[in-house]
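# Geometric and topological summary
Residues per chain are reported as follows:
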Amino acid sequence: MNTLVVVVMLAPLLLVHAAGGKNCFNRREKREMQKLRMMNSCEHPTLQLVDIPVPPGYTSVNPSMAMVKRCGALMCMGSNTKCVASNTTSKLVKVMAMTQDMMSACAHVPVDEHQSCGCVCDMAKMNCSLPMVADGTMCMCKCSDTDREACPNDGSHFWSFEKCSCTRY
């Protein structure tokens, strides 16, 4: 008999529930999880607090942060992907800009605001061990095609995709 063990963290208590193949989430909990996934998916940017850049010739701005729509903290499917802006506009934020000698001026500072988001392959996250190479189109590690083409197709050898090597039968 297969038993699924679910670990739930509640404040300082750790509860372990053996579900025994049954679903441990009720309809309300499933809706809440679906709602969380939708809110954090990489489809629409969410409001995030970002630093306002200080204009040249000034030392600080007030306010120093603004709420704008951004993609960065949203989720994509797959561990090698990241959520990036696919369309960006500039939002002007009104600030009081200060110089080093405490002179101030009213200024409008442009801050990037994301209008739409999309998932792209994050090549930096792909740690392909040799002899595998990163495939940015498929966003995964794969064997080099040139090595595979060198493997004789005479029935005495086969290509191992796990080892990326030509092996004798």
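Read on for a plain summary of the structure. Residue positions are given per chain, counting from 1 as you read along its sequence in written order. Restriction of local features to residues with pLDDT of at least 70 applies here, the model being predicted, together with a cutoff of 80 or more for giving and counting side-chain atom pairs; totals for whole chains, interfaces and linings are based on all residues. Heavy atoms from the whole structure form the basis of all side-chain values; hydrogens and water molecules are not counted.

On to the overall build of the protein, then. The numbering of helices and of strands both runs from the N terminus, where a helix is a DSSP run of H or I of at least 4 residues and a strand a run of E of at least 2. Helices and strands together make up the secondary structure of the protein, namely two helices and 11 strands. Along the protein, helices (α) and strands (β) appear in the sequence β-β-α-β-β-β-β-β-β-β-α-β-β when read from the amino end. Here the term buried applies to any residue with accessible area under 20% of the maximum for its type, exposed to any over 50%, and partly exposed to those in between, with areas from a 1.4 Å probe on protein chains only. With 169 residues in all, the protein has 24% of them scored as buried. For the protein, the proportion of contacts with a sequence separation of at least 24, taken over those separated by at least 6, is 44%. When the accessible area of the protein is evaluated, it comes to approximately 12400 Å², of which 57% is carbon and sulfur surface. Residue contacts are counted whenever heavy atoms from the two residues lie within 4.5 Å of one another. To measure how exposed things are, a 1.4 Å probe is used in the Shrake-Rupley method; for residues, cover is taken only from the protein chains shown.

Classification of ring pairs rests on two measures: the distance between centres of Phe, Tyr or Trp rings, Trp counted by its six-membered ring, which must be within 6.5 Å, and the angle between planes, read as stacked under 30 degrees, edge-to-face over 60 and tilted in between. Scanning the entire structure with this criterion turns up one aromatic pair. Seen from their ring centres, F158 and Y169 are 5.1 Å apart, and the 40 degrees between their planes marks the pair as tilted. Of the two residues, F158 sits in strand β10 (residues 157-160) while Y169 sits in the segment after β11 (165-168), which places them 11 residues apart along the sequence. Judged by its relative accessible area of 32%, F158 is partly exposed. Taking relative accessible area as the criterion, Y169 reaches 64% and is therefore assigned exposed.

Right, let's get into a positive patch on the surface. A surface patch of like charges, here positive, comprises R27, R28, K30 and R31. Checked against the element boundaries, K30 lands in helix α1 (residues 27-39). The partly exposed category is assigned to K30, whose relative accessible area is 38%. The patch calculation keeps residues exceeding 30% relative accessible area without a salt bridge and links them within 9 Å when they carry like charges or within 5 Å when they are nonpolar (Val, Leu, Ile, Met, Phe, Trp, Tyr). Every case where a carboxyl oxygen of Asp or Glu lies within 4 Å of a side-chain nitrogen of Lys or Arg is listed as a salt bridge. The charge count treats Lys and Arg as positive and Asp and Glu as negative. His and the chain ends do not count. Where a charge sits is defined by one atom per residue type, namely NZ (Lys), CZ (Arg), CG (Asp) or CD (Glu).

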